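Chain by chain, the residues:
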Amino acid sequence: MSAESIETSLSSDSGRRPGSRRTGRYHILSVLVENKAGVLARVAGLFSRRGFNIASLAVAPTDDDERFSRITIVVDVESAPLEQVVRQLDKLINVVSISELAPSEAIERELLLATVSVGPEERSQVIQLIGVFGGEVVGVGSDQLSVTLSGRPEKIDDFEDLLKGYEVVGLQRTGRVALEKLGYRPARSLRALEGESR
Amino acid sequence: MQLTGAQALIKSLEQERVEVVFGLPGGAILPVYDPIIDSSIRHVLVRHEQGAGHMAEGYAIVTGRPGVAMVTSGPGATNIVTPLSNAFMDSTPLVVVSGQVATRSIGTDAFQECDITGVTIGITKHNWLVKDPADIPRTVAAAFHVATTGRPGPVLIDLPKDVANATMEWYWPESVEDLDLPGYNPVMGADPSLIEKAVELIDSAKRPVIYAGGGILKARACEALLALAERTQIPVVTTLMARGAFPDSHPLCLGMPGMHGNYTAVTAMQRSDLLIALGSRFDDRVTGKIDAFAPEARVVHVDIDAAELGKVRKPDVGVVGDCRVVIEEMLSCIDANAPKRSGAPVDLGPWWDELHGYQKRFPLYYDRDTTGPIKPEMVVESLRDLSPRDTVVVSGVGQHQMWASQYWTFDHPYTWVNSGGAGTMGFAVPAAVGAKVGRPDRTVWAIDGDGCFQMTAQELVTATAEGIPIKVAILNNAYLGMVRQWQEMFYEERYSEVYLSPDLPDYVKWAEAMGCVGLRAETQDEVIPVIEKANSIDDRPVVVDFRTDAFEKVYPMVPAGVSNDAIVVHPDQEGATR
Ligand SMILES: Cc1ncc(C[n+]2csc(CCOP(=O)(O)OP(=O)(O)O)c2C)c(N)n1
Ligand SMILES: [Mg+2]
């Protein structure tokens, strides 16, 4: 991988809110790992040991081969250059391959669950809001509502912003999972690190 | 053939052609100790598991073969954590086998249970908890493969007692493909276009320096390095981890750079316009304040570990590959380019004139006054002059380590064994034992501090019991000298908890109690006779207590976090123009 390819991807991601997951600070790594005990501890341990920050992390077995799992990590590149993160990750023996998913080349999804305290008036507002976003009401109490929404992380961000106008009792997001868009497969693999020059 | 897991483990070690295991048994590893009786493998019974780990390191450093240690669960395993960390920092190939409580007890806080794979995740290249006896041969083969290939390092195999007792059908994996390591493919050779770019920079540099690190030794690249230096006439600095990788007596050698490096090596790097980093990693002890390090230098960085490129200093040309292979490729590229090159090659004469000037004005220096107490530097010089040229020198950590590195003349690779990255006090005695096991034909001198010696001296009992005749020179300054030096220089001479004692313990009696010959030198004129005496003994370990000047400081010195330009020289040299 050349230094250039990393630089391009650093700047390709234009952000709207500073500090939000959409700015260029955050990059998505899709890491294929062996499905063995302790692998998550190795990956998480590496990040804390090296002082790399994770914005979110999601793990699940891959459907095609039970020997492997896929970890989707949103990395904060302000704590360390992406190339350092990738190269250190790549040294873990259980890490099989790493690809960086540039936002323009990836399908990303995230899920949100929230419970909101609502008076009679707000109840219908929230129901309307979740309807507009295409989410669902999953629980109704006398003065509370639980809703769920899945979709692109930006959409979840927007919904979360609007929800802040109400009294949120609990809110949980899963962190994003991502795959290459059709036609972009295979994603740029960061495995073949032949060196670099500038 | 049916074997128990324990038998399979020992047989697997035999398959890996292991000659010696350093260890100490206990409950959880008991099953594995039984087949050792019938094995061709030599077992060295240590007195503390830390000793086993450092012995395995000493063995590995001098032989280039992985060192093997075996310990029981819980405290046995935690006692070897320091050597694992030490080997991880210095990229030494080590295979540690630890016993573990039975699989059904794991997670129950059983007697002597410790999650040692969890503890050592960050200080091993990889580790394995074996839960099925059928996995043993494959795991052992994988462990040796991972420890010794790519950037070498320590690995650990944790073996629960019930797995060691269960039976399995013996097999031996035929090839790397059978090892179940889909995520591990170390590279060797490099991209030719990068070699070409590196050579272009080398060809046009006016003040180049080869910055040789421990990777040269790991890659067995000493001959290639010599050829490259002689072909290009570029000066070579050898880091603390690379002492001996390029002969100190060679006219192109500038010696050791870094915090206690010599003036010329430090300044050559600062002034250079091209650093050719070969298997070195821009450690803070070499660079000083990183923003002020070698400000005008472009960087060619060759390392087998891609993560080292750009970790500290962004290279202009970064080459991932084995140092020996890459240097050889560079040499062929230089030869191929030479006829095509337009104009005369860059004249390095002015650069060498500058460097020779530094060498003349700022040689390594200490006060050679013959009337005062024994100078530690003089002890090292005398040891050097009175011992065979290929003596293996092992050191602890502190002032004595720096003097050993500075004043010994390393003309042979694999003759310097020390704890570089971790700086582990107590390394010397056990590492010397391991080195002597690996190189019984060589004289092995440990140059140790009085503080360090007290941390692991018990391994001299092992040395005596096993007939491993090492020699230990204690540079006894009655202080934790290196810390004392910092308190003198940076804490207004407020000495806090650094005084030991010249004669508590009595090192001669202690040595004798451990079955060694104990000797002492208290005045300068006793130094040479006592070394001659020590060198004449070869049937037992020897310990020499050299009572050295407590107030001697290591010079030059670049204070921590300061630019290398601010190098502090010996007070007697301060008048010289820089
Ligand atoms: C295990 C360990 N503890 C503490 C230190 C910090 N330390 C570095 S050098 C040193 C003094 C070593 O004393 P000694 O062995 O007498 O060597 P000297 O510096 O006097 O030559 C100490 C305490 C260390 N490096 N390792
Ligand atoms: Mg001392």
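This structure is a prediction, so every number in the text was calculated from the model and none was measured.

## What about the overall build of chain A?
- In terms of helices and strands, chain A carries five helices and 10 strands.
- The 198 residues of chain A split such that 47% are buried.
- Contacts in chain A between residues far apart in sequence, at least 24 positions, make up 73% of those at least 6 positions apart.

## Points about the domain arrangement of chain B
All names here are of chain B.
- We note that the domain assignment places domain 1 (2-179), domain 2 (192-361) and domain 3 (376-554) within chain B.
- On a C-alpha basis, the centres of domain 2 and domain 3 stand 32 Å from each other.
- Listed by partner, the interface residues are 16 residues for domain 2 and 20 residues for domain 3.
- Taking both partners together, domain 2 and domain 3 bury about 1400 Å²; carbon and sulfur atoms supply 57% of that area.
- At the surface where domain 2 touches domain 3, the tally comes to zero salt bridges.
- Between the two partners, domain 2 and domain 3, sit eight residue pairs in polar contact (both at pLDDT 80 or more).
- Residues that form the side of domain 2 that touches domain 3 fall into these classes: eight nonpolar, three polar and five charged.

## Examining the sheet that holds strand β3 (residues 68-76) of chain A
Residue and element names in this part refer to chain A.
- Taken in spatial order, the four strands make up an open sheet running β2-β3-β1-β4, and their pairing is antiparallel. Both outer strands of the open sheet, β2 (53-61) and β4 (95-101), are each paired with one neighbouring strand and no more. On average, each strand axis in the sheet is tilted by 20 degrees relative to the strand beside it, whichever way the strands run.
- Taken together, the nine bridges between strand β1 (residues 26-34) and β3 define a ladder with antiparallel strand orientation. By the bridge assignment, Tyr 26 is partnered in β3 with Asp 76.
- Along the sheet face, helix α2 (residues 39-50) touches β1, β2 and β3 and points at about 15 degrees away from the line of β3.

## Overview of the interface of chain B and chain A
- Taken together, the contact pairs 27 residues of chain B with 25 residues of chain A.
- When chain B packs against chain A, the two sides together hide about 2300 Å² of surface, and 48% of this comes from carbon and sulfur.
- In this assembly, chain B and chain A are joined by three salt bridges.
- Our count for the contact surface shared by chain B and chain A stands at six residue pairs in polar contact (both at pLDDT 80 or more).
- Within the residue set of the side of chain B that touches chain A, elements represented by two or more residues are β6 (126-129), α9 (192-204) and β14 (317-320) of chain B.
- Sorting elements by how many residues they give to the side of chain B that touches chain A places β14 of chain B first, with three residues.
- Each residue belonging to the side of chain B that touches chain A can be placed in one class, and the counts come to 12 nonpolar, seven polar and eight charged.

## Overview of a nonpolar patch on the surface
- Residues Leu 111, Leu 113 and Val 138 of chain A make up a contiguous nonpolar surface patch of roughly 240 Å² in combined accessible area.
- Locating Val 138 of chain A in the fold gives a position in strand β6 (residues 136-140).

## Comments concerning the pairing of strand β7 (residues 154-160) of chain B
Residues and elements named next belong to chain B.
- Most of β7 sits inside the fold, with seven of its seven residues counted as buried.
- In β7, alternate side chains face the same way, and those of Pro 154, Leu 156, Asp 158 and Pro 160 on one face and Val 155, Ile 157 and Leu 159 on the other are all buried.
- Sheet topology note: the strand β5 (residues 94-100)/β7 ladder contains seven bridges and is parallel. By the bridge assignment for β7, Val 97 is matched with Ile 157.
- Where β6 and β7 come together, four bridges link them in parallel fashion. Within β7, the residue paired with Trp 128 across the bridge is Ile 157.
- Where the polypeptide runs from β6 across helix α7 (residues 136-148) and back to β7, its parallel neighbour, the crossover connection is right-handed.

## Quick notes on the nonpolar core
All names here are of chain B.
- By size, the foremost hydrophobic cluster in this structure holds 67 residues, and its most contacted members are Ile 210, Ile 216, Leu 275, Leu 278 and Met 330.
- Sort the elements by how many residues they give to this core and helix α14 (residues 323-337) lands first, with seven residues.
- Residues in contact with Leu 275, not counting those within four places in the same chain, are Val 209, Met 269, Phe 282, Phe 293, Ala 294, Ala 297, Arg 298, Val 299 and Val 300.
- Within the second largest apolar cluster, 49 residues are counted, among which are Val 62, Ala 69, Phe 453 and Val 472.

## Some thoughts on the site of ligand 1
Residue and element names in this part refer to chain B.
- Around ligand 1, 16 residues are found, and the nearest of them are Gln 399, His 400, Asp 450, Cys 452 and Gly 481.
- Cys 452 is positioned with one of its backbone polar atoms (N or O) 2.7 Å from an oxygen atom of ligand 1.
- Take Asn 477: an N or O atom from its side chain is 2.9 Å from an oxygen atom of ligand 1.
- Computed on the free molecule, ligand 1 has an accessible area of 580 Å², of which 75% lies beneath the protein chains in the complex.
- Counting only elements with at least two residues in the shell around ligand 1, the list comes to α17 (399-407), α19 (450-456) and α21 (481-490).

## Focus on the pattern of salt bridges
- Counted under the stated rule, the structure contains 36 salt bridges over all chains.
- For Lys 164 of chain A, the salt bridge identified is with Glu 160 of chain A, shortest N-O distance 3.9 Å.
- Exposure remark for Glu 160 of chain A: the relative accessible area of 17% places this residue in the buried category.
- As a salt-bridge pair, Lys 553 of chain B and Glu 488 of chain B come within 2.4 Å of each other at their nearest N and O atoms. Of this pair, Lys 553 of chain B sits in the segment after β20 (542-547) while Glu 488 of chain B is found in helix α21, placing the two residues 65 residues apart along the sequence.
- When its relative accessible area of 14% is taken as the criterion, Lys 553 of chain B is described as buried.
- The network of salt bridges with common partners includes Lys 91 of chain A together with Arg 151, Asp 305, Glu 308 and Lys 311 of chain B.

Calculation notes
- Residues numbered from 1 in each chain as written.
- Chains lettered and ligands numbered in written order.
- Predicted model: local features only at pLDDT ≥ 70, side-chain atom pairs only at ≥ 80, totals over all residues.
- Heavy atoms only, no water.
- Helix = DSSP H or I, 4+ residues; strand = E, 2+ residues; numbered from the N terminus.
- Buried < 20%, exposed > 50% of the residue type's maximum accessible area, 1.4 Å probe, protein only.
- Contact = heavy atoms within 4.5 Å.
- Domains from an automatic or database assignment.
- Buried area = accessible area lost by both parts, 1.4 Å probe.
- Salt bridge = Lys/Arg side-chain N within 4 Å of Asp/Glu carboxyl O.
- Polar contact = N/O pair within 3.5 Å; in protein donor to acceptor, adjacent residues only side chain to side chain.
- Nonpolar A, V, L, I, M, F, W, Y, C, P; charged D, E, K, R; others polar.
- Pairing = 2+ DSSP bridges.
- Axes fitted to C-alpha atoms, helices over the stretch in contact; angles between N-to-C directions.
- Patch = residues over 30% accessible without salt bridge, like charges linked within 9 Å, V, L, I, M, F, W, Y side chains within 5 Å.
- Areas by Shrake-Rupley, 256 points an atom, 1.4 Å probe, with all protein chains shown as cover.
- Right-handed = clockwise from strand over helix to strand, strands pointing away.
- Core = buried A, V, L, I, M, F, W, Y, C linked by side-chain atoms within 4.5 Å.
- Near = heavy atom within 4 Å.

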